[in-house]
Amino acid sequence: MIEIPSKYDPSIVEDKWYKYWMEHNFFHSEPDEREPYTIVIPPPNVTGVLHMGHMLNNTIQDILVRRARMQGKNACWVPGTDHASIATEAKVVDKLRKEGISKDSLTRDEFLAHAWEWTDKHGGIILEQLKKLGASCDWERTCFTMDKIRSESVIKVFVDLYNKGYIYRGVRMVNWDPAAKTALSDEEVNHKEEKSKLYYVRYKIEGTADEYVTVATTRPETILGDTAVCVNPNDDRFRHLVGKKVFVPLVNRLVPIIADEYVDMEFGTGCLKITPAHDINDYEIGLRHHLEVIDTFNDDGTLSEKAQLLVGVDRFEARKQIIPMLEAAGNLVKIEDYNNKVGYSERTDVPIEPKLSAQWFLKMGDITKPAATAVENDEIKFYPAKFKNLYRHWMENIKDWCISRQLWWGHRIPVYYLADGSFVVADCEENALEQARRKTGNNQLTIKDLRQDEDVLDTWASSWLWPISVFDGINNPDNKEINYYYPTNDLVTAPEIIFFWVARMIIAGYEYRGNLPFKNVYFTGIVRDQQRRKMSKSLGNSPDPLDLIAKYGADGVRVGMLFCSPAGNDILFDESLTEQGRNFSSKIWNSFRLINGWEVDPSIPQPEHSKLGIEWFKAKLSEVIVTMDDHFDKYRLNDALMTIYNTIRDEFSGWLLEIIKPAYQQPIDAKTFQEVSELFDEVLRLLHPFMPFISEEIWQLLKERKHGDSIMISEWPKPVANQEVICEKFELIKEAITGIRAIRKEKDIANKEHLKLFIVAGEKGFIPEYNPILLKMGNLSELEVTDKEVDGAMSFRVNTSAFYIPLGDVVNLEDEILKIEEELKYTIGFLESVKKKTGNERFMSSAPAQVVELERKKQTDAEEKIKMLEERLVSFKSSMS
RNA sequence: GGGAGCUUAGCUCAGUUGGUUCAGAGCAUCUGCCUUACAAGCAGAGGGUCGAUGGUUCGAACCCAUCAGUUCCCA
């Protein structure tokens, strides 16, 4: 017996074991002959801090990795961080501004120096926090999307895609962020409902004295860039006007009235003003009708020279100022309140300005095909599968990917311009120069004659290579590591980034490895609070994960989060869940304390009840393992957790330990002690992936372990076949014991008080071999099988066996009769419903044989039980008279 | 406006090609217990016409249709 504290203290235990695991290098993986199991971490922002979403996500990954490791696989979980181009640059700009330095005053290199300084200072904090959670990442493999290997991979891929003709420079309508002065992808735009105004403005028709068409617009400031007015070709109201021209208000530009199906006849006046430079739909109409494009905005959202009026005024100020101008000119008809949706930048939270600009694009045509097929055919499986539909829909409507960003923090686009505006694409300056010389035939060119593109690549253009680049599979496509670890097994991520990241990794996987990047994708939910609000810093509704760990232990937080998170469903987090997790730790600890406190006496033989109990629990555990494995195979981790949770609380602690527990201050026999220790060992192993720390602590205390041994490298338990019968039989014993307890409670009989039990054994429901357990758990003084009625007894029934506890005068015979009558009534009703089926010819002929057989069995069982109940009733009634 | 999903106990969710004892779990609730490992616990109990209506079927929470409510994605 070891002296152990009565209360479990996770803070000491957790740090101790994490350190131990690190010292013994258990997390590290090298290619060997074993089957690999690989997960790459979704790299968190390098300067980010741990939030609840990370906690959930990484807990799940750790569970999967730890189980795989115990299954004997060569488990490798690669950690790392993402440079997070826009987010990090925004933070650095913000920090500099607070110091009184504006980004514009710095050169690119100066700015990058600040950014690296910031990254070095804050980078990797989040990885340290993951260690507190117990994450078993192979820390020696930690990668960063902007470290040397990853950067070279990104550039190499850009050059390759360009050479394959997938990358092109195009003028496109992009989502322009006027605050960050960069283009954003559609996915980085959030649409928000807003109260705004709908302005009705009339345009004078050319060649008439006083005829106008009226358009409705939410953006009157863009009138200055109008190049047409458009109506629906089926609209009789305006058909006669098509082909005529109107004057754009204020600037009096003459523009045509055109017809296009796009126009909604019901909306506004049915007339639409067309500003190809500032609205995506207008742009497309403009392309169809070959309209002039007049860009009236500057990059910062102010009006440009082309607007002619209000030059230099911000777009929202311009909207205010143009109204009185339109009114004065006699063009304003009316103003209505209107709700519309406006796109906002995910990064800077300012309204997006649709803007034409020159960007680099990746063609999403042929390159996406294998990726679409892979998910469709379930080569890559999604959990839950419902995300397949979402994925398919996106892949079918996929647009070219705008991969350039007007930022400095990131991978600089490897395009080098010559003086004449032409360019070369190369992975380094030397190669660029060589190409330029070849291209121009001018060998006198120097690097100074080349000007590299100022823009960087979208962050996702590096993370889409992550499963390959972490094993250096881009630069060295045939290296030992990539060949061993790729394809990876599971990806655990949030559904929000299914397009940003998951889809693109699949595309890159097939393009650069000719193979899938991962076999399974587990989508976690979004962590919300009890009011279903997303947990966020700004709302202040997100607890600090480290505080929670300090309070409840990492194990407690891990299981607390998992209790409420079926795959793909949002998790409504509440601190009471982590409390439940901590309580579970306590329960396990106390079970250990009980066992640990027993004195072992090798001289006493094993009692029969202990032998039976152990035999049953072994059988039960086999069932549990089968169930858990099945849940794991289906990625139903919360169900797997619930299974081991109930097994420990109810079956192990509630039943097994109570069965084998020796009387107060009595020693236990050696065999039982040995066996229960082994069973506890097995239970702990099943628990380990979920609660790595407490399982290790107890596992180490349970018996003397070799130096350097650990539960995390022990074997995942395997089931023994054909244990169902023992489990089924035991359930009947539980039912009988529950019956005894119910009578004790009803008659307020203390548990200490011994009772006598008489049994009228029917064909089912009584198993004499389990009598020792019945005696102990029911605290019975005597157990007698009889075929006679028992006078003055309380009774209950299990299947067709009847159990009696004689209590003399306390028993109210009428109540007993009532009870039996109720059971009888229920059983007869049940029999009726079964007979309805078995008496139905169509059922008997069309239902599967198995089902028919089952119904027949139900019928005979019910008939037997009715017979038994009726006999009881008769004898009870006769004893009354 | 287009698309996808969801609606089962007070809450969060299971419910596996339609067929086991009249739908399950965890939490919460209620009752009783400070029973010698554990009150951060134990023993029990209650609680649902499976969103509505119709249809298919011997049989529907499950399949089909319509409607209502709700969430997300895209424009």
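This structure is a prediction, so every number in the text was calculated from the model and none was measured.

Enquirer: What should I look at first to understand the nonpolar core in this one?
Expert: Soluble globular proteins tend to pack their nonpolar side chains together in the buried interior. Ranked by internal contacts, the top residues of the largest apolar core, which has 185 residues, are Ile380, Phe382, Ile588, Phe680, Phe690 and Leu774. When sequence neighbours within four positions are dropped, the list of residues in contact with Ile588 reads Ile648, Phe680, Leu684, Leu687, Met691, Ile694 and Ile698.

Enquirer: Help me understand helix H15 (residues 498–513) in this model?
Expert: In an α-helix there are 3.6 residues to a turn, and that puts residues three or four apart on one side. Counting buried positions over the 16 residues of H15 gives 14, a clear majority of the element. At the C-terminal side of H15, Gly514 shows a positive phi close to 65 degrees.

Enquirer: Would you take a moment to explain the sheet that holds strand E20 (residues 451–452) for this structure?
Expert: One open sheet holds the three strands; their spatial order is E19-E18-E20, and the pairing between them is antiparallel. The open sheet has two free edges, formed respectively by strand E19 (423–425) and E20, since each of these has just one partner strand. Across the face of the sheet, helix H11 (residues 429–440) comes into contact with strand E18 (415–417) and E19 while running at roughly 135 degrees to E19.

Enquirer: Would you mind going over the side chain of Ser710 with me for this structure?
Expert: Inspection of the secondary structure puts Ser710 in the loop between helix H21 (692–702) and helix H22 (724–746). By relative accessible area, Ser710 is classed as buried at 0%. Separated by 2.5 Å, the side chains of Ser710 and Glu696 make a polar contact.

Enquirer: Sorry if this is basic, but what is going on with the protein's contact with RNA strand B here?
Expert: By nearness alone, 46 residues border RNA strand B, and Arg636, Tyr664, Arg842, Phe843 and Lys858 come closest of all. Restricting the count to atoms of RNA strand B within 4 Å of the protein gives a sugar and phosphate share of 57%. With respect to RNA strand B, the side chain of Asn389 contributes an N or O atom lying 3.3 Å from a phosphate oxygen. Secondary-structure elements contributing two or more residues to the surface near RNA strand B are helix H10 (387–396), helix H17 (575–597), helix H19 (637–660), H22, helix H24 (813–838), helix H25 (841–846) and helix H26 (849–880).

Enquirer: What's the story with the pairing of strand E14 (residues 353–362) in this structure? I'm lost.
Expert: Strand residues, when the strand is regular, have side chains that alternate between the two faces of the sheet. Most of E14 is tucked away, with eight of its 10 residues classed as buried. The pairing of E14 with strand E16 (residues 401–402) spans two bridges and is antiparallel. Across the sheet, Leu362 pairs through a bridge with Trp401, a residue of E16.

Enquirer: Would you mind going over the pattern of salt bridges with me for this structure?
Expert: When charged atoms on two side chains of opposite charge get close, those side chains can pair. This model, assessed by the stated rule, comprises 54 salt bridges. Put simply, Lys164 and Glu511 hold a salt bridge, and the shortest N to O gap is 2.6 Å. Of the two residues, Lys164 sits in the loop between helix H6 (148–163) and strand E5 (167–177) while Glu511 sits in helix H15, which places them 347 residues apart along the sequence. Overall, Glu511 belongs to the partly exposed group, its relative accessible area being 23%. Across the pair Asp235 and Arg237 runs a salt bridge whose closest N-O atoms are separated by 2.8 Å. Owing to a relative accessible area of 45%, Arg237 belongs among the partly exposed residues under this scheme. Three or more residues are tied together by salt bridges with common partners; here these are Arg219, Glu221, Arg315, Arg319 and Glu353.

About the thresholds
Each chain carries its own residue numbering, running from 1 in the direction its sequence is written. Starting at A for chains and at 1 for ligands, labels are handed out in the order in which the entities are written. Owing to the predicted nature of the model, reporting of local features is limited to residues with pLDDT of at least 70; listing and counting of side-chain atom pairs is limited to 80 or more, with chain, interface and lining totals taken over all residues. Excluded from the side-chain calculations are hydrogens and water; all other atoms, namely the structure's heavy atoms, are used. Here the nonpolar core consists of buried residues drawn from Ala, Val, Leu, Ile, Met, Phe, Trp, Tyr and Cys, with membership extended through side-chain atoms lying within 4.5 Å. Note on exposure labels: buried denotes an accessible area under 20% of the residue type's maximum, exposed denotes more than 50%, and partly exposed covers the range between, all computed with a 1.4 Å probe on protein chains only. By definition in these notes, contact holds between two residues if any of their heavy atoms fall within 4.5 Å. In DSSP terms, a helix is any run of H or I states spanning at least four residues, a strand is any run of E spanning at least two, and both are numbered starting from the N terminus. Should DSSP find at least two bridges between two strands, the strands are taken to pair. All axes here are fitted lines through C-alpha atoms, helices being fitted over the stretch that makes contact, and every angle between N-to-C directions spans 0 to 180 degrees. By the criterion applied in these results, polar contacts are pairs of N or O atoms within 3.5 Å in which, for protein atoms, one can donate a hydrogen and the other can accept it, and in which residues neighboring in sequence qualify only through two side-chain atoms. Any residue with at least one heavy atom within 4 Å of a molecule or strand is counted as near it. The working definition used for a salt bridge is a side-chain nitrogen of Lys or Arg within 4 Å of a carboxyl oxygen of Asp or Glu.

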